[in-house]
Amino acid sequence: MKLATVFVSVIAFTCGSALAQGVLLPQAPPPAAQDTLTRAAASVGVKRCLPAITRLSGLTVQGARSHDVLLDWDRKQPDVGPVFSLIGLEYPNAGVAASITAIPEAGGSCTVSAERISVAPYTCASIAQQELVGYQMTRLLPVFAVYTDPKEPTSSVSLIDSPPGCLVIRRFVEYNWKDPAAAPAAAPGAPVAPLRR
């Protein structure tokens, strides 16, 4: 599958403005956060999985000062082939990486995955003790442990010892997700695809 790459960069910031007699004018709503991944995916022809990408991307970039996106897609069939992205996020005190993948499936559904990768200035053991109480731990290597919560079977947290800190990978996968807005009205009590992260 021939893939192409597009780089898109955005710096989100808030601009203030001064108006004479401003107290008499209605207050403008704050500018909406810019979702670069959604704009990039839409611009190359991704449609079916765009609601899932938008939902995950909005959650991913929330609170970031700026972000850059690397997007890979099939140029010959952008709405049928998978979409892969890597997002670099800048926060006031740290940099974070995230990836979002969306794969169209039969029947109009999408398989999606999202990962958030960061470095914590603490030991992995202390993170597990503070944040992952009640999670089940599976040790893959002496320095690599995966934690899962039975209540969230499609999510995991991986901790990799990287002294003096810890590499943290939070992962979410959902199969056969359908956009609730596009689906026919569900019967009362029927489950709705939440697309959590």
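Residues numbered from 1 in each chain as written. Predicted model: local features only at pLDDT ≥ 70, side-chain atom pairs only at ≥ 80, totals over all residues. Heavy atoms only, no water.

Participant: Help me out: how do you make sense of the nonpolar core in this one?
Facilitator: Note on soluble globular proteins: their nonpolar side chains tend to be buried together. By size, the foremost hydrophobic cluster in this structure holds 28 residues, and its most contacted members are Leu37, Ile53, Leu71, Ile87, Leu89 and Val112. Contributions of two or more residues to this core are made by α1 (36-43), α2 (50-61), β2 (66-74), β3 (83-91), β4 (94-104), β5 (110-120) and β9 (165-177). Counting residues per element, this core draws most heavily on α2, at five residues. Within the second largest apolar cluster, eleven residues are counted, among which are Cys124, Ala128, Leu132 and Leu159. (Core = buried A, V, L, I, M, F, W, Y, C linked by side-chain atoms within 4.5 Å. Buried < 20%, exposed > 50% of the residue type's maximum accessible area, 1.4 Å probe, protein only. Helix = DSSP H or I, 4+ residues; strand = E, 2+ residues; numbered from the N terminus.)

Participant: Can you walk me through the pairing of β5 in this structure?
Facilitator: Consecutive side chains of a regular strand alternate in pointing toward one face of the sheet and then the other. Pairing of β4 with β5 involves eight bridges; the strand directions are antiparallel. Paired with alanine 102 across the strands is valine 112, a residue of β5. Linkage of β4 to β5, two consecutive antiparallel strands, is achieved through a turn of five residues, within which glycine 107 is found at a positive phi near 80 degrees. Strand direction decides the pairing type here: β5 and β9, joined by ten bridges, are antiparallel. By the bridge assignment, isoleucine 117 is partnered in β9 with isoleucine 169. (Pairing = 2+ DSSP bridges.)

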